[in-house]
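# Breakdown of the fold
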Amino acid sequence: MSSLALTISDTLVLARRNLARIPNQPDLLIAYTVQPVMFVLLFVYVFGGAIRTPGFDYVDFLMPGIIVQSIAFGGFVTALGLSEDVQKGLIDRFRSLPMSRAAVLTGRTFSDVLLNCLSLAVLLGVGFIAGFNFIDASAGEIVLGIVLLLLLGYAFSWIFALVGLFSSSPETANAIGFTLIFPLTFASSVFVPVGSMPDGLRQFAQVNPFTTVSDAMRSLWLGTPAHTDVWMSFVWCAILIAVFAPLAVARYRTVAAR
Amino acid sequence: MNATEDAIAVEGLQKSYGSVRALCGVDFTAQAGTVLGLLGPNGAGKTTAVRILTTLLKPDGGRARVAGLDVTKDAAALRARIGLAGQYAAVDENLTGFANLEMVGRLYHMGRADARARATELLERFELTDAAKRPAKTYSGGMRRRLDLAAALIFRPPVLFLDEPTTGLDPRSRLSMWEMIEARTAAGTTVLLTTQYLDEADRLADRIVVIDHGNVIAEGTSDELKDRVGGERLEVELEDGGDAERAIAALAGMAAERPALEDGAVRAPVNQRSGAIAEAVRRLDAADVGIEDIRLQRPTLDDVFVALTGHGAEVDPDGDAALDEAVA
């Protein structure tokens, strides 16, 4: 087999492994299903009444944003899984095998895409129940939105792969994810229009890629003016992958167990 | 690799972590089909050596060949010819035993049917068939080690690396691991085994390399190493510990050196094996010392270690224990 065919074969073996272990980790399954549902319900019914989103019901404004946040964090399972593999010595085993050097990471990021599809279906389902509707959206725009979301999730999987490889334990990965990256999603248009934010924060939120992608999703699914958001979102995803995928692979080559 | 070439050949191997020298120019070889024991305390450099030989780590200097392949230049090809198992029992706890083995087989690029058949065969041989469909996190420590060893063997590698394979195991699991390892070596696999247990090296290894602070301090068969320490030793356990001084005085006349009290037994090196016990019993009886147990013992590898390094094998006097763990 050629080296590309071997990489693909190794990737699929490891992606299958990542999915096969999920039934034995009920906490992960909850993270993928119950947690996003809780977030949607809390924001729609607790904050929804108090947040003004001119021209839209809050649930319509919220859903594209909260899906962006959830999908971006879908890759977090990669950070947890890789740091666990490092801690438990599995990375040593993989690195001593005649397998592709990238496959541990491509296998992770690929299984994340499949998990994100599940997460997306759950989120859209609960969104429709809570009253969300596509507005002025063609089938093509809806599909393009889904493609953008999955690509964003894929880009963040690489970021989280790097986080996982630098973490000595899943707890450390958790701390990095939720103290450094999670707040970024709030300083954006994910949950509220940025216009209500104070100076400084507002300017930050306007250039935050989470704002770009959330606004792109709203233009695709709610018919808001797109400006440059949609193509800029794809550019952002490409930049994140181009930067973080090589960094993560380089780190994988040298990472040591424990 | 032809039959006469060494399966493992290490020359002047060096590795430092910052200012800490883990290996300071180490040489050793292992003939194909033999077991080489790498013996040393925590932090001696054993794990570092294994990590270099299994391509996980690049050496700073020196050369190492395994199965005829250079560990740095031919690393990719070498990985298809080695198996690695060890104290960390690197198995996926959230996969079943069967799925673990199938995955590793597939990553050695075995076909699916082949990997599955081999997994079933190994689970059976390692007495894990009943647990094959359970997640590995439900396994006992001994079962995990066996699964880990099975994973290392799935592709029938000609050279097997076992990094402290029984550390932390209960005596029964230890014995069972030893039997599994002996079965492999009987089948012709070359094994490099690291251990800090002297009895383990004694039992399993054809040749032993003793390393301490990154240097080889002795090399040979278990018998050769013991001969370096010298003769037989008489050990007497007393009925009444208060008699120790009288027992030492009574045995002094027949001992090569002054007898000493250690771990509750009086120990006396003797030059002459024949008649030593009868002589000792007569002398102790004359001194009216009650004997609980009396035996002649060949020196243990522990004695070897103390003689070579001035300290025991399982204690690290500099307090830099677990160097391997800290810097690896």
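Residues numbered from 1 in each chain as written. Chains lettered and ligands numbered in written order. Predicted model: local features only at pLDDT ≥ 70, side-chain atom pairs only at ≥ 80, totals over all residues. Heavy atoms only, no water.

## Thoughts on the overall build of chain B
What counts, and what does not: By definition, any uninterrupted DSSP run of H or I lasting at least four residues is a helix, any uninterrupted run of E lasting at least two residues is a strand, and each is numbered from the N terminus. Categorising residues by exposure relies on relative accessible area from a 1.4 Å probe, with only protein chains included: less than 20% of the type maximum marks a residue as buried, more than 50% marks it as exposed, and the intermediate range marks it as partly exposed. Any two residues whose heavy atoms approach within 4.5 Å are treated as being in contact. Using the Shrake-Rupley algorithm and a 1.4 Å probe, accessible areas are obtained, with residue cover drawn only from the displayed protein chains. Neither His nor the chain ends contribute to the count of charged residues, in which Lys and Arg are positive and Asp and Glu negative. Charged side chains are reduced to one point each, which is NZ for Lys, CZ for Arg, CG for Asp and CD for Glu.
Within chain B, the regular secondary structure consists of twelve helices and 14 strands. With respect to the principal axes defined by its C-alpha atoms, chain B has extents near 75 × 45 × 40 Å. Every one of the 328 residues in chain B was classed for burial, and the buried ones make up 54%. A fraction of 67% describes how many contacts in chain B between residues 6 or more apart in sequence connect residues 24 or more apart. Surface summary for chain B: the accessible area is close to 13,800 Å², and the carbon and sulfur share equals 46%. Side-chain charges in chain B split into 38 positive and 53 negative, and the spacing between the mean points of these groups amounts to 9 Å.

## Overview of the interface of chain A and chain B
Worth spelling out the cut-off: Buried area is a sum: the accessible area each of two parts loses on coming together, probed at 1.4 Å, counted once for each and added. A carboxyl oxygen of Asp or Glu within 4 Å of a side-chain nitrogen of Lys or Arg is what we treat as a salt bridge. Two N or O atoms form a polar contact when they lie within 3.5 Å of each other; inside protein one atom must be a possible hydrogen donor and the other a possible acceptor, and for residues adjacent in sequence the pair counts only when both atoms belong to side chains. Throughout this entry, Asp, Glu, Lys and Arg are counted as charged residues, while Ala, Val, Leu, Ile, Met, Phe, Trp, Tyr, Cys and Pro are counted as nonpolar. The remaining residues, Gly among them, count as polar.
Contact residues are listed per partner, giving 26 residues for chain A and 34 residues for chain B. When chain A packs against chain B, the two sides together hide about 2,700 Å² of surface, and 54% of this comes from carbon and sulfur. Across the salt bridge formed by A:Lys88 and B:Glu93, the nearest N and O atoms sit 3.4 Å from each other. Summed over the shared surface of chain A and chain B, the number is twelve residue pairs in polar contact (both at pLDDT 80 or more). Considering each element in turn, the side of chain A that touches chain B owes the most residues, seven residues, to helix α1 (residues 3–20) of chain A. Class assignment of the residues belonging to the side of chain A that touches chain B gives a composition of eleven nonpolar, four polar and eleven charged.

## As for the nonpolar core
For clarity, the threshold we go by: Definition used in this section: a nonpolar core is a set of buried Ala, Val, Leu, Ile, Met, Phe, Trp, Tyr and Cys residues joined via side-chain atoms within 4.5 Å.
In terms of nonpolar packing, the biggest core is built from 70 residues, with A:Phe94, A:Leu105, B:Leu101 and B:Leu149 touching the most fellow members. For this core, the leading source of residues is helix α5 (residues 141–153) of chain B, giving seven residues. With near-sequence residues (within four places) excluded, B:Leu101 lies in contact with B:Ala119, B:Leu122, B:Leu123, B:Leu147, B:Ala150, B:Ala151 and B:Ile154. Within the second largest apolar cluster, 46 residues are counted, among which are A:Phe132, A:Ile159, A:Phe160 and A:Phe210.

## Comments concerning the domain arrangement of chain B
The test is simple: Delimitation of the domains relies on an automatic or database domain assignment.
Annotation of chain B at the domain level lists domain 1 (6–226) and domain 2 (231–298). Taking only C-alpha atoms, the centre of domain 1 of chain B and the centre of domain 2 of chain B are 42 Å apart.

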